[in-house]
Amino acid sequence: MRPAVLRRALAYIDDHADQPVTVADIAGAAHVTVRALQYAFRRHLDTTPLAQLRRVRLAHAHRDLVTAGPGDGVTVTRIAARWGFHHPGRFASLYRDTYRRAPHRTLSDG
């Protein structure tokens, strides 16, 4: 079972993934210091709060790429920016590392 601190932090990340979020924001929502938050993530999840936020944002972007229709006028850049990835090359690299295909392929095959 995860400690309450982590449950609050993870819920905050999930609920605010489409907004600018800092580690301090997550710590505040979890009612702990930044250091305590980082320690909890490292100890229980073997990651950092910002890495978890990036993972959640990437999953949302993937879902949007998969569900976009051909006539929707949606672009990879627009979806990436919606989820906080403002550097298309960096987004494409993270996406390929995670999903083993380029984001534009997911969009066109969706």
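Notes on the structure in this doc start here. (Residues numbered from 1 in each chain as written. Predicted model: local features only at pLDDT ≥ 70, side-chain atom pairs only at ≥ 80, totals over all residues. Heavy atoms only, no water.)

1. Things to note about the overall build of the chain
For the chain, the helix and strand inventory stands at seven helices and zero strands. When the helices and strands of the chain are listed from N to C terminus, the series reads α-α-α-α-α-α-α. C-alpha extents for the chain along the principal axes are approximately 45 × 25 × 25 Å. Within the chain, the fraction of its 110 residues that count as buried is 37%. A separation of at least 24 residues holds for 55% of the contacts in the chain among residues at least 6 apart in sequence. Surface summary for the chain: the accessible area is close to 6,600 Å², and the carbon and sulfur share equals 52%. (Helix = DSSP H or I, 4+ residues; strand = E, 2+ residues; numbered from the N terminus. Buried < 20%, exposed > 50% of the residue type's maximum accessible area, 1.4 Å probe, protein only. Contact = heavy atoms within 4.5 Å. Areas by Shrake-Rupley, 256 points an atom, 1.4 Å probe, with all protein chains shown as cover.)

2. Notes on unusual backbone geometry
Despite not being glycine, His-31 has its phi angle at roughly 65 degrees, a positive value. Overall, the relative accessible area of 62% leaves His-31 in the exposed class. Positive phi is not limited to glycine here, since Arg-100 has a value of about 60 degrees. With respect to the helices, strands and loops of the structure, Arg-100 is situated in the loop between helix H6 (88-99) and helix H7 (103-109). The exposure class of Arg-100 is exposed, given its relative accessible area of 68%.

3. Thoughts on the layout of surface pockets
In this model, the largest pocket occupies a volume close to 190 Å³. Leu-50, Leu-53, Arg-54, Arg-57, Trp-83, Gly-84, Phe-85, His-86, His-87, Arg-90, Phe-91 and Leu-94 are the residues that line the largest pocket. Where the lining of the largest pocket is concerned, the elements lending two or more residues are helix H4 (49-67) and H6. Among the elements that line the lining of the largest pocket, the one with the most residues is H4, at four residues. Class assignment of the residues belonging to the lining of the largest pocket gives a composition of six nonpolar, three polar and three charged. (1 Å grid on protein atoms, 1.4 Å probe; cavity = no way out; pocket = protein on both sides within 12 Å on 5 of 7 lines; lining within 4 Å. Points joined across faces, edges and corners; volume = space filled by probe spheres on them. Nonpolar A, V, L, I, M, F, W, Y, C, P; charged D, E, K, R; others polar.)

4. A few points about the nonpolar core
Within the largest apolar cluster, 30 residues are counted, with the highest numbers of intra-cluster contacts made by Ile-26, Leu-37, Phe-41, Leu-65, Phe-85 and Phe-91. Counting only elements with at least two residues in this core, the list comes to helix H1 (4-16), helix H2 (23-30), helix H3 (34-45), H4, helix H5 (76-82) and H6. Considering every element that reaches this core, the biggest residue donor is H1, with six residues. Ignoring any residue separated from it by four or fewer positions in sequence, one finds Phe-41 in contact with Leu-6, Ala-9, Leu-10, Ile-13, Asp-46, Thr-47, Thr-48, Pro-49 and Gln-52. (Core = buried A, V, L, I, M, F, W, Y, C linked by side-chain atoms within 4.5 Å.)

5. So, H6
When the terminal C-alpha atoms of H6 are compared, their 16 Å separation across 12 residues agrees well with the 16 Å that a helix rising 1.5 Å per residue should span. Buried residues of H6: Phe-91, Ala-92, Leu-94 and Tyr-95, and no others. Along H6, the residues classed as buried sweep out an arc of 165 degrees about the axis, all on the same side. Contact partners of the buried residues in H6: H4, H5 and H7. Looking one or two residues past H6, Arg-100 carries a phi angle of roughly 60 degrees, positive in sign. (Expected span 1.5 Å × (residues − 1). Arc of directions from axis to C-beta.)

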